[in-house]
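Single-letter residue listing:
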Amino acid sequence: MKPPTNAALLHDVNIPTKKATFGMGCFWSNDSLFGVTPGVIRTRVGYSGGTTKNPHYRNLGDHTEVIELHYDPKTITYEDLLEMFWANHEYGLTTKLKRQYQSLILYHEEKQQDAAEASYKVMQNQCNGQLRTEIAPAGPFYPAEDYHQKYRLQGHKDLCRSLGLDSKKLQTSHVAARLNGYLVGIGGKTQFEQDIVRLGLNEKQAEYVRREFERNEGGGLAC
């Protein structure tokens with residue numbers, strides 16, 4: 001029997017946002033990392049940066065695994081996001097990798113380009129000229145298959161059912177983005193406790209996520 005969906009859940013946050021797109025290695029970890037970050041409203045993972053039409057996981061062509069996020073510029077800046085980008089690559093900044101896991105910044109406006117190029121210069125000095133990150137204008141974004149969206153959260157099937165997640169909400173839900181991070185132990189216990197009421201979690205949902213957070217805190221985010 002399907003459990004009832006909690007109608008109080010904060011799936012939709014209707015405020016003005018800006019978009020950022022990054023390639024940082026495996027996109028599962030990045031989805032958790034950014035989804036739980038204050039100021040990030042929604043996330044989705046997919047393929048971008050190349051020219052291949054309609055890529056999919058088994059045939060990416062010249063595309064890269066990326067995360068696309070919508071953020072509130074009044075709460076978090078693009079420069080803040082860039083700091084997270086440089087600090088959280090799955091496979092490092094100087095490692096030669098196949099195109100799928102390329103370190104990549106896709107900018108959506110001139111201000112993002114300027115900020116990305118300025119931060120690149122700083123990191124290039126720190127990496128002794130060995131930095132492999134590419135910076136390019138954002139082009140078509142192809143959402144990854146449903147099973148990649150909020151991958152960590154989807155490992156908790158009963159919770160997902162209680163959240164009423166479908167293929168659309170996996171890519172747009174604010175509460176799903178947050179829980180996708182909390183469930184693997186990131187975001188901080190204080191932040192989670194403050195978020196419980198705002199996100200609309202009922203007592204059962206909150207206790208389940210709290211238990212998983214405590215069990216996984218400090219365990220890292222490697223795919």
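These numbers come from a predicted model, not from an experiment.

Enquirer: Any chance you could explain the packing of helix H7 (residues 174-182) against helix H8 (residues 189-199) here in plain terms?
Expert: Axis angle and axis distance: for two packed helices, these are the angle between their axes and the distance between the axes, and together they describe the pair. Interhelical geometry of H7 versus H8 gives an angle of 155° and a closest axis separation of 12 Å. The angle between H7 and H8 falls in the class roughly antiparallel. Seen from above, H7 lies across H8 with left-handed handedness. For the pair H7 and H8, contact is made by His174, Val175, Arg178 and Tyr182 and by Gln191, Phe192, Asp195, Arg198 and Leu199, respectively. Of the residues contributing to the contact of H7 with H8, the split by class is four nonpolar, two polar and three charged.

Enquirer: Is there a simple way to think about the pattern of salt bridges in this case?
Expert: It is possible for side chains bearing opposite charge to pair when their charged atoms get close. Applying the stated criterion to the full structure yields 10 salt bridges. When the shortest N-O distance is used, the salt bridge between Asp195 and Arg178 registers 3.0 Å. Within this pair, whereas Asp195 is found in helix H8, its partner Arg178 is found in helix H7, the two being separated by 17 residues in sequence. Take Asp195 and Arg178: they sit in the same class, and that class is buried. A salt bridge links Arg210 to Glu193, with the nearest nitrogen and oxygen atoms 2.7 Å apart. With Arg210 in helix H9 (residues 203-216) and Glu193 in helix H8, this residue pair connects regions lying 17 residues apart in the sequence. Take Arg210: its relative accessible area is 18%, and that puts it in the buried class. For Glu193, a relative accessible area of 31% gives the class partly exposed. Salt bridges sharing partners connect three or more residues here, namely Arg178, Asp195 and Arg198.

Enquirer: I tried to follow the pairing of strand S1 (residues 18-24) on my own but got confused; where do I start?
Expert: Two faces, one strand: in a regular strand the side chains alternate between the faces of the sheet. Counting buried residues in S1 gives five out of seven residues, a clear majority hidden from the surface. Pairing of S1 with strand S3 (residues 64-71), which is carried by five bridges, proceeds in the antiparallel orientation. Note on S3: the bridge partner recorded for Phe22 is Ile67.

Enquirer: Would you mind going over the environment of Cys223 with me for this structure?
Expert: Checked against the element boundaries, Cys223 lands in the segment after H9. In sequence terms Cys223 and Arg152 are 71 residues apart; their C-alpha atoms lie 9.9 Å from each other. What Cys223 contacts, discounting residues up to four positions off in sequence, is Cys26, Trp28, Ser29, Glu90 and Arg152.

Enquirer: I'm lost on the UniProt feature "domain: Peptide methionine sulphoxide reductase MsrA" (unreviewed entry) in the protein in this one. Help?
Expert: Annotation from UniProt places "domain: Peptide methionine sulphoxide reductase MsrA" (unreviewed entry) at residues 19-160. Secondary structure within residues 19-160 divides into 31% helix and 24% strand; the distance between the first and last C-alpha atoms comes to 26 Å.

Enquirer: When you look at the sheet that holds strand S2 (residues 40-48) in this model, what are you seeing that I'm missing?
Expert: Whether parallel or antiparallel, the strands of a sheet pair through hydrogen bonds between backbone atoms. What the six strands build is an open sheet, ordered S5-S4-S1-S3-S2-S6; its pairing is mixed. Across the chains shown, the open sheet's two edge strands, defined by having one partner strand only, are strand S5 (134-137) and strand S6 (142-143). Bridge count for S2 against S3 is eight bridges, and the pairing is antiparallel. Of the residues in S3, the one forming a bridge with Val40 is Tyr71. Against the sheet, helix H2 (residues 78-87) engages S1, S2, S3 and strand S4 (103-107), with an angle of about 10° to S1.

Calculation notes
- Residues numbered from 1 in each chain as written.
- Predicted model: local features only at pLDDT ≥ 70, side-chain atom pairs only at ≥ 80, totals over all residues.
- Heavy atoms only, no water.
- Axes fitted to C-alpha atoms, helices over the stretch in contact; angles between N-to-C directions.
- Helix = DSSP H or I, 4+ residues; strand = E, 2+ residues; numbered from the N terminus.
- Parallel < 35°, antiparallel > 145°, perpendicular 65-115°, else oblique.
- Left-handed = near helix turned anticlockwise from the far one by under 90°.
- Contact = heavy atoms within 4.5 Å.
- Nonpolar A, V, L, I, M, F, W, Y, C, P; charged D, E, K, R; others polar.
- Salt bridge = Lys/Arg side-chain N within 4 Å of Asp/Glu carboxyl O.
- Buried < 20%, exposed > 50% of the residue type's maximum accessible area, 1.4 Å probe, protein only.
- Pairing = 2+ DSSP bridges.
- UniProt positions renumbered as here; feature names shortened; annotations may be inferred.

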